[in-house]
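Here are the chains, one letter per residue:
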Amino acid sequence: MHENLMLIGAKGHGKVVADIAKHAGRYKSIAFLDDDPSLKESLGFPVIGKSGEAYKYIASCDFFVAIGNAMVRRKLLGQLWANGAEIAVLVHPRAVVGENVSIGAGSVIMAGAVVNPDTRIGKGCIVNTCASVDHDCVIGDYVHIAVGAHLAGAVNVGENTWIGAGVIVKNNLNICKDCMLGVGAVAVKDIKAPGVYIGIPAKKKLPC
């Protein structure tokens, strides 16, 4: 682990991640890389280059990809790992993380979130503000559990899935990879096919 943190992505999500890193107090310095040339700083931290320049800082910084899009996050993290970068895990001091919880590299647990015991969080995940993940859940790589979403106990979520804001997932369910549960949906049975699911109870949205 290094004393410096380099964040890739300086916009909305990046600001929240930088704030978490600041409050966690692990790093002496925080800076951003971002491909928008108009950005010179974000939340008071400097933007010092573009994402393609990450290799310059691998020897001196931990990295975190602060981009909401799961496919972009996966691509950039893969490039960083291939070049030997150290990837941070960030947990807000006001999150609650239970015993025997594992959190994969490149994942963030935000303010007010609760992750209960014996849960496994994969790589590159987001457990967003005030979301909760109950006991014995398994969250695949690059999953986003959005603001105020709640997973009951022993839920399995496949990789690249987005659990939208305010979603509720019943206990002991399996949700396959590459799904999106729309805002406020309530999942009461397994979701076995990729797609967009909305409503109460959640049902697959049909093409227009």
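Our structure's up above, just so we're on the same page.
Every value quoted in this text rests on a predicted model; they were computed, and no experiment measured them.

S.K.: Would you take a moment to explain the side chain of R73 for this structure?
M.R.: As for its position among the elements, R73 is in helix α2 (residues 70-82). Here R73 occupies a buried position and makes no salt bridge, while the nearest side chain of opposite charge, D141, is found at 9.9 Å. When sequence neighbours within four positions are dropped, the list of residues in contact with R73 reads V65, I67, G68, G124, I126, Y142 and V143.

S.K.: Honestly, the packing of aromatic side chains in this entry has me stumped. Any pointers?
M.R.: Any aromatic ring pair is given by two values, namely how distant the centres are and how the planes are angled relative to each other. Scanning the model with the defined rule gives zero aromatic pairs in all. Stacked on the ring of W81, the Lys or Arg K123 has its end atom at 5.2 Å from the ring centre.

S.K.: Explain the pairing of strand β5 (residues 61-65) here, please?
M.R.: Each regular strand carries side chains that alternate between the two faces of the sheet. Along β5, five of the five residues are buried, which leaves the element largely enclosed by surrounding structure. As paired strands, strand β1 (residues 4-8) and β5 are joined by five bridges and run parallel to one another. Pairing of L7 across the sheet is with F64, part of β5. The pairing of β5 with strand β6 (residues 86-87) spans two bridges and is parallel. Looking at β6, one finds that D62 is bridged to E86. Where the polypeptide runs from β5 across α2 and back to β6, its parallel neighbour, the crossover connection is right-handed.

S.K.: Please explain the sheet that holds strand β2 (residues 29-33) as it appears in this structure.
M.R.: Backbone-to-backbone hydrogen bonds join strands into a sheet, with any given pair of strands oriented parallel or antiparallel. With parallel pairing, four strands are arranged side by side in an open sheet as β2-β1-β5-β6. At either end of the open sheet lies a strand with only one pairing partner, and these are β2 and β6. One ladder, built from five bridges, connects β1 with β2; its direction is parallel. The residue of β2 that forms the bridge with N4 is S29. Each of β1, β2 and β5 touches helix α1 (residues 12-24); the most contacted strand, β2, lies at about 165 degrees to it.

Scoring rules and cut-offs
Residues numbered from 1 in each chain as written. Predicted model: local features only at pLDDT ≥ 70, side-chain atom pairs only at ≥ 80, totals over all residues. Heavy atoms only, no water. Helix = DSSP H or I, 4+ residues; strand = E, 2+ residues; numbered from the N terminus. Buried < 20%, exposed > 50% of the residue type's maximum accessible area, 1.4 Å probe, protein only. Lys, Arg positive; Asp, Glu negative; His and termini not counted. Salt bridge = Lys/Arg side-chain N within 4 Å of Asp/Glu carboxyl O. Contact = heavy atoms within 4.5 Å. Phe/Tyr/Trp six-rings, centres within 6.5 Å; stacked < 30°, edge-to-face > 60°. Lys NZ or Arg CZ within 6 Å of the ring centre and 35° of its normal. Pairing = 2+ DSSP bridges. Right-handed = clockwise from strand over helix to strand, strands pointing away. Axes fitted to C-alpha atoms, helices over the stretch in contact; angles between N-to-C directions.

Shape descriptors only; they carry no functional weight alone.
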